[in-house]
Amino acid sequence: MKIGIINEKTDHRVAIVPDLAKRLINEGNEVIAEKGCGESALYSDEDYQEAGAKLVDRSETLKSAEIICTIFPMEKEEYNLLPADAIVISSYQPYFSIGKTEEVATYKFTTFSLDMIPRITLAQAMDVLSSMASIAGYKAVILAANHLPKYFPMMTTAAGSIPPAKVLVMGAGVAGLQAVATAKRLGSVVQAFDTRAAAKEEVESLGAKFVEVEGATDDKAAGGYAVEQTEEYKKRQSEKIVEVAVKADVIITTAQLRGKPAPTLITKEVVEQMKLGSVIVDLASSTGGNCELTEDQKTVVKHGVTIIGNSELSADVPNHASQLFSKNIHNFLKTFLKEGKLEIDMENEILKSSCIASEGEIRYGK
Ligand code: NAD
């Protein structure tokens, strides 16, 4: 099969790094790469050439690509260039917004959305959400440390002692746990909470304190995702948040609800009571944000608090993010690409769940 790689117009990452290009070629495929596709992730055209990829311009890449993998969905006009029966792989987030899925479904392509891969053990090695979330959790703490006008670790100097920064992590999933670990490594005092009971042990195993709010709904049937909480729980949670948040120097929020807007955890009133100079990094900003004052893709200062809204922080670590993304893509491709030939079994749970459109119809939810 001919596999295409293009330059992501709005992102520093690239979906397939030269190492994967080489593997795919060894497995019996051809790889066609847009010139400069890996440049912003520090993978040069020479690296792709050495891997055996053919370098051409963007439209040539799209015209030849029987399989095209991208980080974000392409612009609608570019679909016209792809072969009519192409396999399109990207993250469409159909649960959150159906628009991009409707666009691609007007073509006959078989389209897979990586964010729809089920969270089962078998699919862990293909889980781009987890690998990117882990990088984002790390980067969120680095970014917060950069904006905080204080030290993170405790310092004992001849000029006096400095207490450690207090970090609160809201949502202790993949991103949250990485944020906890990174904030601990930088020497701060870390607290975290989550509605999932399983998170308590994970938070504590990293040496942080778990903030307990009794009475959360923890639905195991939701496949590893959190569920909407009762009004009574939300009230109790917000009281606890005020208590902890007002003492924090840094808050990292990562709470997400699949297919729904992110839950509001930090209201405007909480921000007003926070210490001057404190920092909030809201990783849920693209789905509405966990802080009421977050502006997606912006850094704003409100009531003396710096609020950073960014759900794509993994793009700021493009070299390693692309490397991990590529590994995930490779494991996904292996489910239907055998020795350079397509063997798509739509009864396969992973393919069935992630195929969002084919033959001009939306398949998601069917
Ligand atoms: P996510 O990005 O959907 O959400 C982030 C965190 O926010 C979750 O831990 C969630 O419980 C929490 N949250 C949601 N609403 C909240 C609220 N109101 N208050 C506080 N916290 C709230 O989740 P994620 O990080 O991608 O994954 C969650 C869990 O799923 C992981 O910790 C893991 O156990 C499991 N998982 C399994 C697989 C797999 O088996 N393939 C892959 C990834 C994750």
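Before reading further, recall that the structure is shown in the block above.
Everything numeric in this text was worked out from a predicted model, so none of it was measured.

Asks: Looking at this structure, I do not really get the pattern of salt bridges. What am I missing?
Replies: Taken as a whole and judged by the stated rule, the model has 20 salt bridges. The partner of R13 in a salt bridge is D11, and the shortest N-O contact between them spans 2.8 Å. Where R58 meets E34, a salt bridge forms, and the shortest distance between an N and an O atom there is 2.8 Å. Within this pair, whereas R58 is found in helix 3 (residues 58–64), its partner E34 is found in strand 2 (residues 30–34), the two being separated by 24 residues in sequence. An identical accessibility class is assigned to R58 and E34; each is buried.

Asks: Help me out: how do you make sense of the environment of V190 in this one?
Replies: The residue V190 is located in strand 10 (residues 189–193) in this model. Judged by relative accessible area, V190 falls into the buried class, the value being 3%. In the structure, V190 is positioned 61 residues away from I251 in sequence and 9.8 Å away in space, judged by C-alpha atoms.

Asks: Would you take a moment to explain the sheet that holds strand 19 (residues 361–362) for this structure?
Replies: In a beta sheet, neighbouring strands are held together by backbone hydrogen bonds and run either parallel or antiparallel to one another. Spatial ordering of the open sheet is given by 3-2-1-4-5-6-18-19, a layout of 8 strands whose pairing is mixed. Looking at which strands have only one partner, the edges of the open sheet turn out to be strand 3 (54–56) and strand 19. Two elements, strand 18 (residues 355–358) and strand 19, share 2 bridges in a ladder whose sense is antiparallel. Along strand 19, the bridge assignment pairs A357 with I362. Packing against the sheet, helix 11 (residues 318–333) makes contact with strand 4 (67–69), strand 5 (87–90) and strand 6 (110–113), and its axis sits at approximately 140° to strand 5.

Asks: Explain the packing of helix 6 (residues 128–147) against helix 11 here, please?
Replies: Relative to each other, helix 6 and helix 11 sit at 165°, their axes nearing to 9 Å. Judged by the inter-axis angle, helix 6 sits roughly antiparallel to helix 11. In the packing of helix 6 onto helix 11, the handedness of the crossing is right-handed. Counted together, V128, S131, M132 and I135 of helix 6 and H320, A321, L324, F325 and N328 of helix 11 form the full contact between these two elements.

Asks: Would you mind showing me how to read helix 7 (residues 174–185) here?
Replies: Structural remark: α-helix, 3.6 residues per turn; residues separated by three or four positions point the same way. Under the 1.5 Å per step criterion, the end-to-end length of helix 7 is 17 Å for 12 residues, consistent within 8% with the ideal 16 Å. Turning to helix 7, its buried residues number three or more, namely A175, G176, L177, A179, V180, A181, T182 and A183. In this structure, the buried residues of helix 7 make contact with helix 6, strand 9 (166–170), strand 10, helix 8 (198–205) and strand 12 (250–253). Two residues or fewer after helix 7 comes G187, characterised by a positive phi angle close to 90°.

The rules behind the values
- Residues numbered from 1 in each chain as written.
- Predicted model: local features only at pLDDT ≥ 70, side-chain atom pairs only at ≥ 80, totals over all residues.
- Heavy atoms only, no water.
- Salt bridge = Lys/Arg side-chain N within 4 Å of Asp/Glu carboxyl O.
- Helix = DSSP H or I, 4+ residues; strand = E, 2+ residues; numbered from the N terminus.
- Buried < 20%, exposed > 50% of the residue type's maximum accessible area, 1.4 Å probe, protein only.
- Pairing = 2+ DSSP bridges.
- Contact = heavy atoms within 4.5 Å.
- Axes fitted to C-alpha atoms, helices over the stretch in contact; angles between N-to-C directions.
- Parallel < 35°, antiparallel > 145°, perpendicular 65-115°, else oblique.
- Left-handed = near helix turned anticlockwise from the far one by under 90°.
- Expected span 1.5 Å × (residues − 1).

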